Amino acid sequence: MSFWIYLLIAEAIPVILFVLGGLYESNSTKYKENKISYKSIHADKDKASFEYCNKVAAKLFGATGTLLFIVNAISLFLFGEGSFTFVLLFSLFMVGLTKMLIDMLIKKKMEA
């Protein structure tokens, strides 16, 4: 029974990322009208940059969420409850890496 609780906790981060990706994608055309959007220095410049920032964030958060969902489930099934700490740390590392990658891509596009 505790395995399923560990699995639900480990899958919370990927599900949140996937939902954020969907929200960013659906709200990418509502410039300055919504509270849920990807916040960045470059996103506040104009409507085109706002849409680009939200679309990039949506794609990368959705892809990372999907990848983590699969990797976390496989890791917990193969290695059991002992890998729970690794799975959580790996998920948090991937969230940070994705955020840095999004910022880097946006900065490269907007300054070019």
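As the structure is a prediction and not an experimental result, all values here were calculated from the model. Residue indices follow the written sequence of each chain, beginning from 1 at its first position. Under the rules for a predicted model, residues below a pLDDT of 70 receive no local features and side-chain atom pairs below 80 are neither given nor counted, while totals for whole chains, interfaces and linings still include all residues. Excluding hydrogens and water, the side-chain values take into account all heavy atoms of the structure.

**Q** Would you mind going over the overall build of the chain with me for this structure?
**A** Under the scheme used here, helices are H or I runs from DSSP no shorter than 4 residues and strands are E runs no shorter than 2 residues, and both carry numbers assigned from the N terminus. When you go through the chain residue by residue, the secondary structure sums to four helices and zero strands. Ordered by position from N to C terminus, the α and β elements of the chain give α-α-α-α. Each of the three principal axes of the chain carries a C-alpha extent, and together these read 50 × 25 × 15 Å. We call a residue buried when its accessible area falls under 20% of the maximum for its residue type, exposed when it is over 50%, and partly exposed in between, using a 1.4 Å probe and counting protein chains only. With 112 residues in all, the chain has 37% of them scored as buried. Summarising the internal contacts of the chain: among those between residues at least 6 apart in sequence, 67% fall at separations of at least 24. Split by element, the accessible area of the chain, about 7,000 Å² in all, is 73% carbon and sulfur. Charge centroids of the chain, computed over 12 positive and 9 negative side chains, lie 6 Å from each other. Note on contacts: a residue pair is in contact if any heavy atoms of the two residues lie within 4.5 Å. The method behind every accessible area is Shrake-Rupley, applied with a 1.4 Å probe, and residues are considered shielded solely by the protein chains displayed. Just so you know, the count uses Lys and Arg for positive and Asp and Glu for negative, and it drops His and the chain ends. Note on charges: their place is set at NZ of Lys, CZ of Arg, CG of Asp or CD of Glu.

**Q** Can you walk me through the side chain of threonine 64 in this structure?
**A** Within the secondary structure, threonine 64 is located in helix α3 (residues 47–79). Threonine 64 gets classed as buried once you look at its relative accessible area, which sits at 9%. Under this definition, polar contacts are N or O atom pairs within 3.5 Å; protein pairs additionally need one hydrogen-donor-capable and one acceptor-capable atom, and for neighbouring residues in sequence, both atoms have to be side-chain atoms. Of the polar contacts made by the side chain of threonine 64, one reaches the side chain of threonine 98; its length is 3.0 Å. Each residue touching threonine 64, except ones within four places of it in the same chain, is listed here: Leu17, Met94 and Thr98.

**Q** Help me understand the nonpolar core, please; the structure alone is not making it clear to me.
**A** Proteins that are soluble and globular tend to have nonpolar side chains buried together. Core analysis: the largest hydrophobic core is formed by 14 residues, its most contacted members being Tyr24, Tyr38, Cys53, Ala57, Phe61, Ile102 and Ile106. Of all the secondary structure elements, the ones that give two or more residues to this core are α2 (12–26), α3 and α4 (84–111). The biggest single contributor to this core is α3, with seven residues. Look past the residues within four positions of tyrosine 38 in its chain and what remains in contact with it is Tyr24, Ala43, Cys53, Asn54, Ala57, Phe61, Lys99, Ile102, Asp103 and Ile106. One finds Phe3, Leu7, Ala10 and Leu76 within the second-largest nonpolar core, a separate group that totals seven residues. Buried residues of nine kinds, namely Ala, Val, Leu, Ile, Met, Phe, Trp, Tyr and Cys, make up a nonpolar core once their side-chain atoms join them within 4.5 Å.

**Q** Got a minute to help me understand a nonpolar patch on the surface in this structure?
**A** A grouping of Val15, Val19, Phe69, Ile70, Ile74, Leu78 and Phe79 is seen on the molecular surface, where their side chains present a nonpolar patch of about 700 Å² in accessible area. Of all the secondary structure elements, the ones that give two or more residues to the nonpolar patch are α2 and α3. Tracing the backbone through its elements, the reader meets phenylalanine 69 in helix α3. Patch members must show over 30% relative accessible area and no salt bridge, and they are joined within 9 Å when carrying like charges or within 5 Å when they are nonpolar side chains of Val, Leu, Ile, Met, Phe, Trp or Tyr. Salt-bridge detection follows one rule: a side-chain nitrogen of Lys or Arg within 4 Å of a carboxyl oxygen of Asp or Glu.

**Q** Would you explain the packing of aromatic side chains in this entry?
**A** In this description, an aromatic ring pair is defined by two values, namely the gap between the centres and the angle between the planes. Between the rings of Phe, Tyr and Trp (Trp by its six-membered ring), a pair exists once the centres lie within 6.5 Å; its type follows the angle of the planes, with under 30 degrees stacked, over 60 edge-to-face, and the other angles tilted. On inspection of all chains with the given rule, the structure shows seven aromatic pairs. Between tryptophan 4 and phenylalanine 77, the aromatic rings sit 6.1 Å apart at their centres with planes inclined by 75°, giving edge-to-face as the arrangement. Residue tryptophan 4 is found in helix α1 (residues 2–10), and its partner phenylalanine 77 is found in helix α3; the two are separated by 73 residues along the sequence. Residue classification places tryptophan 4 among the partly exposed positions, given a relative accessible area of 48%. An angle of 80° between the planes, with centres 6.1 Å apart, marks the rings of tyrosine 24 and tyrosine 38 as edge-to-face. Residue tyrosine 24 is located in helix α2, and its partner tyrosine 38 is located in the loop between α2 and α3; the two are separated by 14 residues in the primary sequence. For the pair formed by tyrosine 24 and tyrosine 38, the shared burial category is buried. Cluster of aromatic residues (ring-pair linked, three or more members): Phe3, Trp4 and Phe77. The ring of tyrosine 52 is capped by lysine 109, whose NZ or CZ atom sits 5.5 Å from the centre of that ring. For a lysine, the NZ atom is tested; for an arginine, the CZ atom; a charge sits over a ring if that atom is within 6 Å of the ring centre and within 35 degrees of the ring normal.

On their own, these measurements won't tell you what the molecule is for.
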